[in-house]
Amino acid sequence: MSAKHLIQGVGLRKFDPNRSVTRAEFTAMLTRLLGLEVKSSTVFTDVSADQWYAEEVAQAVEAGIVHGVSETRFAPEALISRQEMAVMVMRAYEYVNGKKVESKPVIQFGDLSTAASWARESIITAQVLGLIQGRSDRNFDPGGSATRAEGAMVLHNLLEIKNEK
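Reading the values: the criteria
- Residues numbered from 1 in each chain as written.
- Predicted model: local features only at pLDDT ≥ 70, side-chain atom pairs only at ≥ 80, totals over all residues.
- Heavy atoms only, no water.
- pLDDT = per-residue confidence, 0-100.
- Helix = DSSP H or I, 4+ residues; strand = E, 2+ residues; numbered from the N terminus.
- Salt bridge = Lys/Arg side-chain N within 4 Å of Asp/Glu carboxyl O.
- Buried < 20%, exposed > 50% of the residue type's maximum accessible area, 1.4 Å probe, protein only.
- Core = buried A, V, L, I, M, F, W, Y, C linked by side-chain atoms within 4.5 Å.
- Phe/Tyr/Trp six-rings, centres within 6.5 Å; stacked < 30°, edge-to-face > 60°.
- Lys NZ or Arg CZ within 6 Å of the ring centre and 35° of its normal.

A. Up close: the confidence of the model for the protein. This prediction gives the protein a mean pLDDT of 86; 86% of its residues lie at or above 70. No element of the protein has a lower mean pLDDT than helix H5 (residues 148-164), which averages 87, and none a higher one than helix H3 (residues 82-97), which averages 95.

B. Region of the structure containing the pattern of salt bridges. One pass over the structure, following the stated rule, counts seven salt bridges. For Glu84, the salt bridge is made with Arg23, and the minimal N-O distance between the two is 2.9 Å. One end of the pair, Glu84, is in helix H3; the other, Arg23, is in helix H1 (residues 23-34), with 61 residues separating them in the sequence. Using a relative accessible area of 16% as the deciding quantity, one classes Glu84 as buried. Note on Arg23: relative accessible area 5%, which makes it buried. Here the salt bridges do not stand alone but share partners, grouping Arg82, Arg135, Asp141 and Glu150 into one network.

C. The nonpolar core, seen in detail. Phe26, Leu30, Ile65, Ile123, Leu131 and Leu158 are the most contacted members of the largest nonpolar core, which totals 43 residues. Secondary structure elements with two or more residues in this core: H1, helix H2 (54-62), H3, helix H4 (120-128) and H5. For this core, the element with the highest residue contribution is H3, accounting for eight residues.

D. Expanded view of the packing of aromatic side chains. Applying the stated rule across the entire model yields three aromatic pairs. Consider the rings of Trp52 and Tyr53, whose centres lie 5.2 Å apart with planes at 85°: the pair is edge-to-face. Given the relative accessible area of 3%, Tyr53 is considered buried. The ring of Phe74 carries the charged tip of Arg23 above its face, separated from the ring centre by 4.4 Å. Stacked on the ring of Phe140, the Lys or Arg Arg82 has its end atom at 4.3 Å from the ring centre.

E. Structural context of H4. Taken together, the buried positions of H4 are Ser122, Ile123, Ile124, Thr125, Ala126 and Gln127. With its phi angle positive at about 85°, Gly130 sits one or two positions after the end of H4.

Right, dumping it as structure tokens:
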């Protein structure tokens, strides 16, 4: 993922796999993977044009892959939850395929009821497609912060599926 310039280290020789990922960081990773080149500007009051992630956020919003936490706020420095990551990767998957995927549940996570209603279908579908895994066989931890290692794995899985097309 690093060699493909999708994920950067946190220093010259450090990846820090267990560090949590922010919404801006994961958005930038997905934008790079998809090669988005839409030229627009963001409408979020908390994303100024001079921020390193401003263009990526604008591109991902334009492509329909991310939304703000409200109509005017993106919360770029907030840690991305696992359920948010699942929703974003499913939108990216559908962007690549050009169509919505219908979920066919195979494994029911025991903690799926704790996920936000807007994220449940994406969690199930992303897991069935092999894009994301639970923290265990029975638990997804939807509200937990996603780590850099988990983000890298999700990107790797999406890239593998994208390359099969």
